[in-house]
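Chain by chain, the residues run as shown.
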Amino acid sequence: MIKSLKTLSHDLSDPAYQLDVLNNYSESLRQQPKFKEKLEEVDLYPLRPTGIEIFQINVGYMCNMTCKHCHVDAGPDRDEVMTKETLEHCLEALRNSDISTVDLTGGAPEMNPHFRWFVEQVSDLGKEIIVRSNLTILTTAPKYQELPEFFAEHDVEVTCSLPFYNKSRTDRQRGEGTYDRSIEALKKLNEIGYGIEGSGLELNLVYNPTGAFLPGSQESLEKEFKRQLDRKHGIRFNNLFTITNLPISRYLNFLLESDNLDEYMDRLITSFNPSAAKGVMCRNTISVGWDGTLYDCDFNQMLEMPVEEEAPQHISEWNEAKLNGREIKINQHCFGCTAGAGSSCGGTTT
Amino acid sequence: MSDSYYNPKDLKKFEDVGEFGPELAEKFFDYYGAVFEEGALSAREKALIALAVSHTVQCPYCIDAYTTESLEKGASEEQMMEAVHVASAIRGGSSLVHGVQMMNKTKDLSM
């Protein structure tokens, strides 16, 4: 079994070290403009929320997979899992808010022991629910195999990872056997109506580059994925979201080991797009960590950069007005969300 | 003075060729950009054609650039290698087809 950086006590499991690498690892990186300077150039500094629309909860870092690019450093050896008490705090915050969308992520969010209960509760609040599924989990134990029907029952939007339309590239990033199991899960989701026109059950795929390069046009990649997956497996889906790999955690490790870091950062920085910066997801999202700590986004969560001190730090202290007035924390990794057409959990931002 | 003919870092300086002649460079890059836009051929198909041609003209800058471009546009390794074989087949074929000329000449000269 591949171990997480944390279990290996790897240097890169330390967020402070990761940020130091991004800023100072080489002469080239030291000379790069800072994200703050680029925001100043386009009058976006300090970066502030436009209003929270998406409540993203990371319900735990435990996962059945150990993908090479994972920014969470998730895996079977991670035991950080959100407790029922913290989930209750989330529900309390949602009850007192107009936030429309609850986005569940992990790890494999399905592995949180309170997952079904929580989805039911959020569903009762009338919120839209997105589950970020790695697909393979849906082919493991019977309790997970039953999830597609459960998702359909609660009108959950299933947004799942599939980095490429073929086996070799998918398995190289996500582990041997991933592609075949993902296809099996997608077929099951299609069978009950997910991704099928008129069913109202939304099935989206997330594409992320399987190496040190940026995603191409989302529209064009969606077309190609639809063509290839339909031709090879008869699989349908609604949208493809392209996500740029952010240079943190295991992906940062890959960039360092393959000697691609300088070049990759240069690509991200020279591709800085002011429109993408304007539409970054941290402006309309709040990210709740497994222990209830509040972050500007899931990436800041992994870098242990909680929301600024003036804002509530924990979900139990929820105060939407204060959070909407906060200054969003930034660093060099943020260039990942502002390159080209932009990148967010919902794909491009321009 | 450089001690080699090709330096990967020079690829990034491509647009600097305008320094010695901005007008023609501008015209060229406008044209270049338009050529690679999505059209009757997709941007991915164009990247694959460019990758094949890069191998025909054996331009290391172009090979680096269009390998990355093909990957970004969502081409698979199989598609990229097939494109290179197309270049190779045409290149080999263009030599071999001249064998007909050789045969014609031989026949002209022979008893």
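Up top is the structure these notes are about.
Reference entry: report on the structure contained in this document. (Residues numbered from 1 in each chain as written. Chains lettered and ligands numbered in written order. Predicted model: local features only at pLDDT ≥ 70, side-chain atom pairs only at ≥ 80, totals over all residues. Heavy atoms only, no water.)

The next point concerns helix α10 (residues 218-233) of chain A. In this model, α10(A) (16 residues) spans 21 Å end to end at C-alpha, consistent with the 22 Å of a helix rising 1.5 Å per residue. Contacts made by the buried residues of α10(A) are with α9 (178-191), β5 (203-207) and β6 (239-242) of chain A together with α2 (43-56), α3 (60-72) and α4 (77-96) of chain B. A positive phi of about 65 degrees marks Gly234(A), the residue just after α10(A). (Helix = DSSP H or I, 4+ residues; strand = E, 2+ residues; numbered from the N terminus. Expected span 1.5 Å × (residues − 1). Contact = heavy atoms within 4.5 Å.)

Next up on the list: the pattern of salt bridges. Residue and element names in this part refer to chain A. Counted by the stated rule, this structure contains 25 salt bridges over all chains. Between glutamate 27 and arginine 30 there is a salt bridge, and its shortest N-O distance comes to 3.1 Å. With a gap of three residues between them, glutamate 27 and arginine 30 both fall in helix α2 (residues 27-31), about one helical turn apart. Measuring nitrogen to oxygen at the nearest pair gives 3.4 Å for the salt bridge that ties aspartate 73 to arginine 78. Its relative accessible area of 3% is what places aspartate 73 among the buried residues. What emerges from the salt-bridge pattern is a single network uniting Lys6, Asp73, Arg78, Glu80 and Arg250. (Salt bridge = Lys/Arg side-chain N within 4 Å of Asp/Glu carboxyl O. Buried < 20%, exposed > 50% of the residue type's maximum accessible area, 1.4 Å probe, protein only.)

Attention now goes to the interface of chain B and chain A. Listed by partner, the interface residues are 13 residues for chain B and 20 residues for chain A. Carbon and sulfur atoms supply 35% of the area buried between chain B and chain A, which totals about 1,200 Å² over both sides. The largest per-residue losses of area from chain B upon contact with chain A belong to Arg44(B), Glu72(B) and Glu77(B), which jointly make up 42% of the total buried on that side. Between the two partners, chain B and chain A, sit six salt bridges. A salt bridge links Lys12(B) to Glu263(A), with the shortest nitrogen-to-oxygen separation between them at 3.3 Å. Within the residue set of the side of chain B that touches chain A, elements represented by two or more residues are α3 and α4 of chain B. (Buried area = accessible area lost by both parts, 1.4 Å probe.)

Quick look at the pairing of β5(A) now. Residues and elements named next belong to chain A. Burial runs high along β5: five of the five residues are buried. Judged by which residues are buried, β5 turns out to be covered on both faces: Leu203, Leu205 and Tyr207 on one side and Asn204 and Val206 on the other are all buried. Where strand β4 (residues 157-161) and β5 come together, four bridges link them in parallel fashion. Considered in β5, the bridge of valine 158 is made with leucine 203. Here β5 runs beside β6; their pairing, made up of four bridges, is parallel. Paired with tyrosine 207 across the bridge in β6 is threonine 242. (Pairing = 2+ DSSP bridges.)

Moving on to the nonpolar core. Counting 67 residues, the largest nonpolar core has Phe55(A), Ile57(A), Leu104(A), Phe151(A), Phe225(A), Leu229(A) and Trp318(A) as the members making the most contacts within it. Those residues in contact with Phe151(A) that sit more than four places away from it in its chain are Glu110(A), Phe115(A), Val131(A), Leu138(A), Val156(A), Val158(A) and Tyr194(A). (Core = buried A, V, L, I, M, F, W, Y, C linked by side-chain atoms within 4.5 Å.)

It is worth spelling out the packing of α2(B) against α3(B) at this point. All names here are of chain B. Following both chains from N to C, one finds α2 and α3 inclined at 155 degrees, their axes separated by 9 Å at the closest point. Considering their axes alone, α2 and α3 lie roughly antiparallel with respect to each other. Our pair here, α2 against α3, has a crossing hand that is left-handed. Contact residues: Ala47, Leu48, Ala50, Leu51, Ser54 and His55 in α2; Cys62, Ile63, Tyr66, Thr67, Glu69 and Ser70 in α3. (Axes fitted to C-alpha atoms, helices over the stretch in contact; angles between N-to-C directions. Parallel < 35°, antiparallel > 145°, perpendicular 65-115°, else oblique. Left-handed = near helix turned anticlockwise from the far one by under 90°.)

Residue and element names in this part refer to chain A. Across all of its chains, the model carries 21 aromatic pairs over all chains by this definition. The interplanar angle of 80 degrees and the centroid separation of 6.1 Å between the aromatic rings of phenylalanine 272 and phenylalanine 335 together place this pair among those described as edge-to-face. Here phenylalanine 335 lies in helix α16 (residues 335-338) and phenylalanine 272 lies in the loop between α12 (261-270) and α13 (274-278), a separation of 63 residues in the sequence. The pair formed by phenylalanine 272 and phenylalanine 335 is uniform in burial state, with each residue classed as buried. (Phe/Tyr/Trp six-rings, centres within 6.5 Å; stacked < 30°, edge-to-face > 60°.)

Residues and elements named next belong to chain A. For phenylalanine 225, the position within the fold is in helix α10. Note on phenylalanine 225: relative accessible area 0%, which makes it buried. Excluding anything up to four places from it in sequence, phenylalanine 225 contacts Leu162, Pro163, Phe164, Tyr165, Leu205, Tyr207, Asp230, Phe237 and Leu240.

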